[in-house]
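What follows is each chain in one-letter form.
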Amino acid sequence: MKLTLRVWRQRNPDSPGAMATYEVDGISQDMSFLEMLDTLNEELILGGDEPVAFDHDCREGICGACSLVINGDAHGPERTTTCQLHMRSFQDGDTIDVEPWRAAAFPVVKDLVVDRSAFDRVIQSGGYITAPTGAAPEAHATAVPKPVADTAFEHAECIGCGACVAACPNGSAMLFTAAKVVHLNSLPQGAPERESRVLEMVGQMDAEGFGGCTNTGACATACPKGIPLFSIAKMNREFVRAARKRG
Ligand code: SF4
Ligand code: FES
């Protein structure tokens, strides 16, 4: 495949940035999108140019590091992570726009790399339990009904990629925060911090400058792990319950 790439280049957080156009040839349909960018970078390095900076780690859809807006969609045209997107989703001769996550709370560090440490601070504010852990307990020591375990597991699948924020016209982190709150608040191990967790995490989310939710549903559509939109309603119920209890 031969492709035209229009890639966001930005030297540092303070420089303005602009789209740069590159031609790449010899791209296999079996390559991942990141392998296609590797090919571009090899050519740039051989030509004495600066390679395009982009985030990645596992390249297996589990770490949440990869983060590209491709032709206007967070993670591109398939509902998956950028690293699991393959070039068979594109046609020979296509022009592809590649941009970083766009959100006030995710400032660009360089090229396609953004600073997602706001997510870390939201987690630090309440995404933990204080119950003593130690060695793994016997599986049935704390009985958890199957539907509750399923709900917790479904929400634990969030990999913190930030596609929900990038897809949202408000730059809202409600889906991410809801995934963490519902995961831990569903389980008996998370009960001691049930109220403080939701109050602190929502407070930190607001303090980081993420926007509010207006129910567009763009977050859940972009989420590669299928975190459902109703998680936000669940988090809101937890928030109201906790706020009333605190008084
Ligand atoms: S909710 Fe989905 S889109 Fe948002 S950070 Fe978690 S996995 Fe990524
Ligand atoms: S590089 Fe880890 S999820 Fe994509």
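Each remark here, short or long, concerns the structure printed above.
Below, the structure is looked at part by part. Worth saying up front: this structure is predicted, and the values here are computed from it rather than measured.

### A short note on the site of ligand 1
With respect to spatial proximity, 13 residues lie near ligand 1, and among them C158, C161, G162, C164 and C223 are the closest. Elements that contribute at least two residues to the shell around ligand 1 include exactly α4 (163-167) and α5 (174-186). Residues belonging to the shell around ligand 1 are distributed by class as follows: 11 nonpolar, 2 polar and no charged.

### Looking at unusual backbone geometry
Most peptide bonds take the trans configuration, and most residues that are not glycine carry a negative phi. Notably, N71 is not glycine yet its phi reads approximately 50°, a positive angle. With respect to the secondary-structure elements, N71 resides in the loop between β3 (69-70) and β4 (73-74). For H75, which is not a glycine, the phi torsion comes out positive at approximately 70°. With respect to the secondary-structure elements, H75 resides in the loop between β4 and β5 (95-99). Judged by its relative accessible area of 0%, H75 falls in the buried class.

### With respect to the pattern of salt bridges
Throughout the structure, instances matching the rule amount to 13 salt bridges. In this structure, E238 and R194 form a salt bridge, with 2.8 Å as the shortest nitrogen-oxygen distance. Of this pair, E238 sits in helix α8 (residues 230-246) while R194 sits in helix α6 (residues 194-207), and the two are 44 residues apart along the sequence. In this structure, the salt-bridge partner of E195 is K245, at a minimum N-O distance of 3.4 Å. Remark: K245 occurs in helix α8 and E195 occurs in helix α6; sequence separation between them is 50 residues. Classification of E195 as buried rests on a relative accessible area of 18%. Of the residues examined, K245 reaches a relative accessible area of 59% and is grouped as exposed.

### Considerations on α6
With 14 residues, α6 extends 20 Å from end C-alpha to end C-alpha; this agrees with the ideal 20 Å at 1.5 Å per step. Of all the positions in α6, only E195, R197, V198, L199, M201, V202 and M205 are classed as buried. Contacts from the buried residues of α6 go to α2 (117-126), α5 and α8.

Analysis parameters
Residues numbered from 1 in each chain as written. Chains lettered and ligands numbered in written order. Predicted model: local features only at pLDDT ≥ 70, side-chain atom pairs only at ≥ 80, totals over all residues. Heavy atoms only, no water. Near = heavy atom within 4 Å. Helix = DSSP H or I, 4+ residues; strand = E, 2+ residues; numbered from the N terminus. Nonpolar A, V, L, I, M, F, W, Y, C, P; charged D, E, K, R; others polar. Buried < 20%, exposed > 50% of the residue type's maximum accessible area, 1.4 Å probe, protein only. Salt bridge = Lys/Arg side-chain N within 4 Å of Asp/Glu carboxyl O. Expected span 1.5 Å × (residues − 1). Contact = heavy atoms within 4.5 Å.

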